[in-house]
Amino acid sequence: MSDGLGLFLTIVLEIFVFVLFNYYAFKKSAGSIKRRLSAGVIFLVLTPLIFFGTLFFVLIFDEGGWGAGILAVFFTALYILNGIIILLSSLHIYLTKKSE
């Protein structure tokens, strides 16, 4: 397998896993503060796993390491940002239910 194809498949896999986790987090926790809060915490706890998994998997195709590092930091930042957004949405659900 060529290096370009391997990197492309890695990026597609990362996007698929992100969409799957995000769908599961929002679909299963619709309207529940505790579930949404736990989904946000799970996203934040999974970020080191995503970082090292991406880094080591991309290092197979990128011997220099710069591309692997950039992709790992990018996808880790995406997971951290998404976890913070999920936590903020649980706060929003809490505040809207409290005002009712």
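Scoring rules and cut-offs
Residues numbered from 1 in each chain as written. Predicted model: local features only at pLDDT ≥ 70, side-chain atom pairs only at ≥ 80, totals over all residues. Heavy atoms only, no water. Core = buried A, V, L, I, M, F, W, Y, C linked by side-chain atoms within 4.5 Å. Buried < 20%, exposed > 50% of the residue type's maximum accessible area, 1.4 Å probe, protein only. Helix = DSSP H or I, 4+ residues; strand = E, 2+ residues; numbered from the N terminus. Contact = heavy atoms within 4.5 Å. Axes fitted to C-alpha atoms, helices over the stretch in contact; angles between N-to-C directions. Parallel < 35°, antiparallel > 145°, perpendicular 65-115°, else oblique. Nonpolar A, V, L, I, M, F, W, Y, C, P; charged D, E, K, R; others polar.

### Overview of the nonpolar core
The biggest cluster of nonpolar side chains holds 13 residues, and the ones touching the most others in it are A25, F43, Y79 and I86. Broken down by secondary-structure element, the contributors of at least two residues to this core are α1 (3–28), α2 (33–58) and α3 (66–99). A25 has contacts with A39, F43 and I86, leaving out every residue within four places of it along the chain.

### Comments concerning the packing of α1 against α2
Axis separation between α1 and α2 bottoms out at 11 Å; the angle between their running directions is 170°. The orientation of α1 relative to α2 falls into the category roughly antiparallel. Touching L7, T10, E14, F18, F21, N22, A25, F26 and K28 of α1 are R35, R36, A39, F43, L46, I50, T54, F57 and V58, all from α2. The residue inventory of the contact of α1 with α2, partitioned by class, reads 11 nonpolar, 3 polar and 4 charged.

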